[in-house]
Amino acid sequence: MSVGSICTRSIDLADAEETIHAAAYRLRARKVGTLVILDRANRPVGILTDRDLVVRAVAQGKDPGQTRVGEVMTRNPTTISEATPIEQALTLMRSGGFRRIPVVASDDSLVGLVSLDDILSLLAEEFTQVGALVEKEMPTGTRTTRPPGRYES
């Protein structure tokens with residue numbers, strides 16, 4: 001399965017020239033943790049997370065009404081193709097320490113955003129389905145259940 005099949009296609013954007021106050025307001029209003037900054041060709045040139053705001057702005061005492069998104073965003077974010085297998089995306093996230101990665105088309109234009117939460121939700125669903133299949137296929141009388149009560153580990 002590819003990241004294109006699970007990524008979020010409705011992406012919240014920011015402009016590099018807007019204030020971080022405006023960006024923070026949008027993060028809160030939209031209940032998201034990431035804004036993507038695009039160039040004129042719709043290619044990701046930056047990513048701004050709630051963590052970026054804390055570490056690169058608030059902790060450094062920057063004025064939210066004067067500081068521009070471009071000053072605190074992560075520039076040139078790592079991107080992945082829609083066709084990238086989920087396993088490869090997970091490896092990239094783990095090695096790069098990313099929780100979110102912009103997903104791009106063949107012309108490098110933004111098409112979505114894949115998050116660690118997206119992948120974990122998919123895996124949880126898959127494990128639930130596999131668990132139900134395993135339980136269904138178990139011979140009668142072999143299922144183990146614990147009676148109610150307290151157990152010590």
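Residues numbered from 1 in each chain as written. Predicted model: local features only at pLDDT ≥ 70, side-chain atom pairs only at ≥ 80, totals over all residues. Heavy atoms only, no water.

Q: Please give an account of the sheet that holds strand β3 (residues 44–49) that cites residues and values.
A: Within a sheet, each strand pairs with its neighbour through backbone hydrogen bonds, oriented either parallel or antiparallel. Spatial strand order, β1-β2-β3-β4: 4 strands in an open sheet with mixed pairing. Single-partner strands in this sheet number two, and they are β1 (13–14) and β4 (74–75). Bridge count for strand β2 (residues 34–38) against β3 is 5 bridges, and the pairing is antiparallel. Counted as the bridge partner of L38 is P44 from β3. Sheet contacts for helix α1 (residues 20–30): β1, β2 and β3; angle to β2, the most-contacted strand, approximately 130 degrees. (Pairing = 2+ DSSP bridges. Helix = DSSP H or I, 4+ residues; strand = E, 2+ residues; numbered from the N terminus. Contact = heavy atoms within 4.5 Å. Axes fitted to C-alpha atoms, helices over the stretch in contact; angles between N-to-C directions.)

Q: I'd like a description of the sheet that holds strand β6 (residues 100–104), backed by residues and values.
A: Spatially, β5-β6-β7 is the arrangement adopted by the 3 strands of the open sheet, whose pairing is mixed. At either end of the open sheet lies a strand with only one pairing partner, and these are β5 (80–81) and β7 (110–115). Bridging between β6 and β7 involves 5 bridges; their strand directions are antiparallel. Paired with R100 across the bridge in β7 is S115.

Q: Before we move on, can you summarise a nonpolar patch on the surface with the specific residues and values?
A: On the surface, L120, L123 and F127 cluster together to form a nonpolar patch covering roughly 300 Å² of accessible area. For L120, the position within the fold is in helix α5 (residues 116–137). (Patch = residues over 30% accessible without salt bridge, like charges linked within 9 Å, V, L, I, M, F, W, Y side chains within 5 Å. Areas by Shrake-Rupley, 256 points an atom, 1.4 Å probe, with all protein chains shown as cover. Salt bridge = Lys/Arg side-chain N within 4 Å of Asp/Glu carboxyl O.)

Q: For the side chain of S109, give the residues involved together with the corresponding values.
A: Assignment of secondary structure puts S109 in the loop between β6 and β7. Apart from the residues lying within four places of it in its own chain, the contact partners of S109 are A41, N42, R43, V103 and V104.

Q: I'd love a proper account of the nonpolar core, names of residues and values included.
A: Core analysis: the largest hydrophobic core is formed by 15 residues, its most contacted members being V3, I80, V103, V114 and I119. At the level of elements, α4 (86–96), β6, β7 and α5 are the ones that each hand at least two residues to this core. What V3 contacts, discounting residues up to four positions off in sequence, is I80, S81, E82, T84, P85, I86, A89, V103 and V114. If you look at the next biggest cluster of nonpolar residues, it comprises 12 residues, including A14, I20, L27 and V69. (Core = buried A, V, L, I, M, F, W, Y, C linked by side-chain atoms within 4.5 Å. Buried < 20%, exposed > 50% of the residue type's maximum accessible area, 1.4 Å probe, protein only.)

Q: Give me the lowdown on α4, citing residues and values where you can.
A: Three or four residues apart is the spacing at which side chains of an α-helix point the same way, because the helix has 3.6 residues per turn. Those residues of α4 that fall on the buried side of the exposure criterion are I86, A89 and M93. Buried positions in α4, seen along its axis, are confined to an arc of 60 degrees and lie on one side of it. Those residues of α4 that are exposed and aimed more than 90 degrees away from the buried face are E87, R94 and S95. Tucked inside the fold, the buried residues of α4 contact β5, β6, β7 and α5. Just beyond α4, the residue with positive phi is G97, at close to 70 degrees. (Arc of directions from axis to C-beta.)

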